[in-house]
Every structure is written in C-alpha cells, then in structure tokens.
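# Geometric and topological summary
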Amino acid sequence: MNYIERTLERKFLRMSSFFKAVLVTGARQVGKTTMLKHLAKEQNRTYVSMDNAMARMLAKSDPVLFFQTYKPPIIIDEIQKATELFEQIKLICDENEEKGLFWLTGSQQFKMMNNVRETLAGRIGILELYSLSKSETENVVFPNELDFSLPSLLERQLLAKKNDIIDVFEHIWRGGMPDVLKADGEQRQEYFNSYIETYLMRDISEEGGITDTVRFRKFLGACAALTAEQVNYKNLAEAAEISQPTAKQWLRLLQGLGIVYLLPPFANNELKRLTKTPKMYFCDTGLCAGLSMWLTRDTLMNGAASGHYFENYVVIELLKHYAYAPSKATLSYYRDSNMKEIDIFVERNGLIHPLEIKKSANPDRREVRKYELLDKAGLKRGSGGIVCMCEEVIPIDERNCFIPCNLI
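A brief report on the enclosed structure follows.

Calculation notes
- Every residue gets a number counted from 1 within its own chain, in the order that chain's sequence is written.
- Thresholds applied to this predicted model are a pLDDT of at least 70 for local features of residues and 80 or more for the giving and counting of side-chain atom pairs; totals over whole chains, interfaces and linings are not thresholded and use all residues.
- Hydrogen atoms and water are omitted, and side-chain values are computed over all heavy atoms in the structure.
- Should DSSP find at least two bridges between two strands, the strands are regarded as paired.
- Secondary structure elements follow DSSP: runs of H or I no shorter than four residues count as helices, runs of E no shorter than two count as strands, and numbering proceeds from the N terminus.
- Exposure classes here rest on a 1.4 Å probe applied to the protein chains alone. A residue is buried below 20% of its type maximum, exposed above 50%, and partly exposed in between.
- Pairs of N or O atoms are called polar contacts if they sit within 3.5 Å, as long as, within protein, a hydrogen donor faces a hydrogen acceptor (for residues adjacent in sequence, only side-chain-to-side-chain pairs).
- It only takes one pair of heavy atoms within 4.5 Å for two residues to be counted as in contact.

## Digging into the sheet that holds strand S6 (residues 229-230)
Here three strands make up an open sheet; going across it, the order is S6-S8-S7 and the pairing antiparallel. Edge strands, defined here as strands with exactly one partner in the open sheet, are S6 and strand S7 (260-263). Sheet topology places S6 next to strand S8 (residues 279-282); two bridges connect them, and they run antiparallel. Bridge pairing in S8 places Gln230 opposite Lys279.

Shown next as structure tokens:
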C-alpha cells in the first residue's frame, strides 16, 4: 500500500529539531510507527518495539545495557510498556546536545504520561496522531489555517473536490484506520472485531486491570450507541451492568487509549448556569459504526443515527486539524440551563468561533442568531457559521457562512 502523507509530519519534524525527544501518542493502528519509519528513511536510525518480549525484558531489567545494544538516534515503539527507560533517556539527553535523539510512540495512558512529564520535562515534545482525516485520504493539503472567514474558506474551496454526501458517509462508515481503506464490507467488519479483541481487550486488561471482557464489550457498544451525546454514566452503567464509578473509570480508560474524545462544556464566569457534562465522540467513526453493527454505508447514511455520526465526524476533523496546525485552539460546546445549545466553540487567538453542525445541505440560516449570546456576555466573537452538506461556501451575514464539511 502506498504511503499516505500525514499532516502531522510538518509539526513532528519541527519538534524533532527543537527537542531531544519527541513522543507521538494515539490509539493503536492509526499509523504512528509507519509515519516515523517513513520520516527516518534517509536517516541511520535504530528501530525497536516494546511489543518484542526480549527487547522489553532487557529495557525493564537493564536500561543502561538496553541503550548500549540499541543506540540513539532511535525509534522506540510502544514505550508505555517499558517506562523504566525514561530515567536513562533523561540522562542521555542531559549528556548530549543533539536534537531529535529519541522518537517515541505510545498509547496515551495516564500512568505513562505522568511519568513522562515528571522525568522528561523540558526535554520532550508530545504530539497526538489520530486516524486519517478525510483530506489526508484524498491527499489534499490545505495551505492556510482555518479561521472560518469567507476568504480562508474560499481559498480552501479551490483545492477540495465538490462536497458529496455519499463520499462523506463513505469516510464516516469506513473510518480512517490505514488498514481499512481498501477493505470490503466483510473485511472491514472482521478488522474491527479483531481490533477490539486483539488490541483493546489486551490493553484494557494490561492498563486498567479489567478482566470482565463481556461487560466491557457491552460498555463499548453502549458508548457507540450514545456517541455525540452528553455523557450519561447512569445509562452506560445500566447497559453494561456495572456501577456508575466503574463506568466513569472505564470511560477514562477509553479516553486514555485514544478511542473516545470528550468535548468539554464551555466554561465562563460571565455566563452562569452552564452545563458541566462533556459530550462523547469516537476518535474513529469507522470503529463506532463497526461497534453499532452498521454493516453498509447506506444503512448508516439513511439510519436514525446519521445526524449523530455526521456531528461526530465534523468534531473529530476539527480536533485533528488543530492538533496538527501551527497554532492551538480550544474546542468546547455550549449548553445552558435554558437548553440553548451551540454545537462547537473554537477558541483561537482570543476569539470564539461558534459553529452549528447540520447534516442537511440546506440548513436554516436562523440558527446563527443564537451566536448573539456571546455578544451579550461581552465575549469576543470571530467568524463562524453552519458546517453542513452544502456544496459550496455561501455567506449568511458578514460574520457567518454555510461551510461545506469537506473544507475542515
């Protein structure tokens, strides 16, 4: 299979020229190793995986001997399985002026991340890779950062092909795991089954000490059924026949493994009575569709859950965009006690960009009126609009547009 260029490569190489160690976190099978091996092609860089039992035993029992055997510059895969190496990495970094000595990959478990931050503070850059975005699968590289203004959207429109619902739902149903791109329906279903059995079940027992795989499988299914909704621990607990504290712990674990993303509610002192509950999305819509047994693209596209999946897709594409972009943005959603809701706020450079997400190709333009609550609260509002299935960018007013979802 041909290598698909990843948007994160630019940022990764910049961090590698600045830090002595760079860690790429993310779920299993999203392409972390493939990307690093691709970037190391011209270099003389050692490669070792902590999935290899012999190498892992050496790393755990004798980190000094490990680095005599596997000399930097080095790629170490699945570093979370041998956190004993961090102290030694720190020592090598401190003795050496060279940048980019250690390229590490790992699943973002809490124990490991605390360990990394304590031991390698100031020496390591941490980046997250997600499964392929729609623009990556289509090999489209947008030159500009997304600020939702009419000029920036029109510039992006020149590069993207026409927005098309079948095309979008093909991506939503299939997801962005590199191995699934060329699979047929039957192969795809088997891929996700084995992904859950081989990686997820193994990781949850190693990481969270969870041995009740039957209940955990039910829990996963309940999460998939409630995607793009506010987290409801009571419903999740009942579906999996577990207690609410256990449901909370299991969801944190899925978040740590890069399987789900929790979108925080917007918080502001000026605006009282805001919800405190996050919304849950799957980082890969294909895995979510696989768990919910949507066996074809069309049944998903025409089914009752299609609006939820469309919202999930847009939120995660935005998440990917800002994870790889030069400047960071904070994502949140708005809901107050009067049930006024705005699907997503993108906070960037002191401005809040409000966005509604609608599967329709012709949504109601009056949706943007509720954005005025930002002005009433004295918050600085940037360009926004309605992300939808329209074919081209259409201005609604001077600050908002109908935004085709494939321009994100």
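## Thoughts on the pairing of strand S10 (residues 341-348)
Of all eight residues in S10, seven are buried, a share of seventy percent or more. For strand S9 (residues 330-335) and S10, the ladder comprises five bridges, and the chain directions are antiparallel. Among the inter-strand pairings, Leu331 is bridged to a residue of S10, identified as Val346. Counted between consecutive antiparallel strands, the loop separating S9 from S10 contains five residues, among which Met339 sits at a positive phi close to 65°. Relative to strand S11 (residues 351-357), S10 is paired through five bridges, and the arrangement is antiparallel. Bridged to Glu347 within S11 is Ile352.

## Brief notes about the side chain of Lys320
With respect to the helices and strands, Lys320 occurs in helix H16 (residues 306-324). Within the structure, the side chain of Lys320 is placed 3.1 Å from the backbone oxygen of Ser131, a separation counted as a polar contact. Contact partners of Lys320, with chain neighbours within four places excluded, come to Tyr130, Ser131, Leu132, Ser133 and Cys283.

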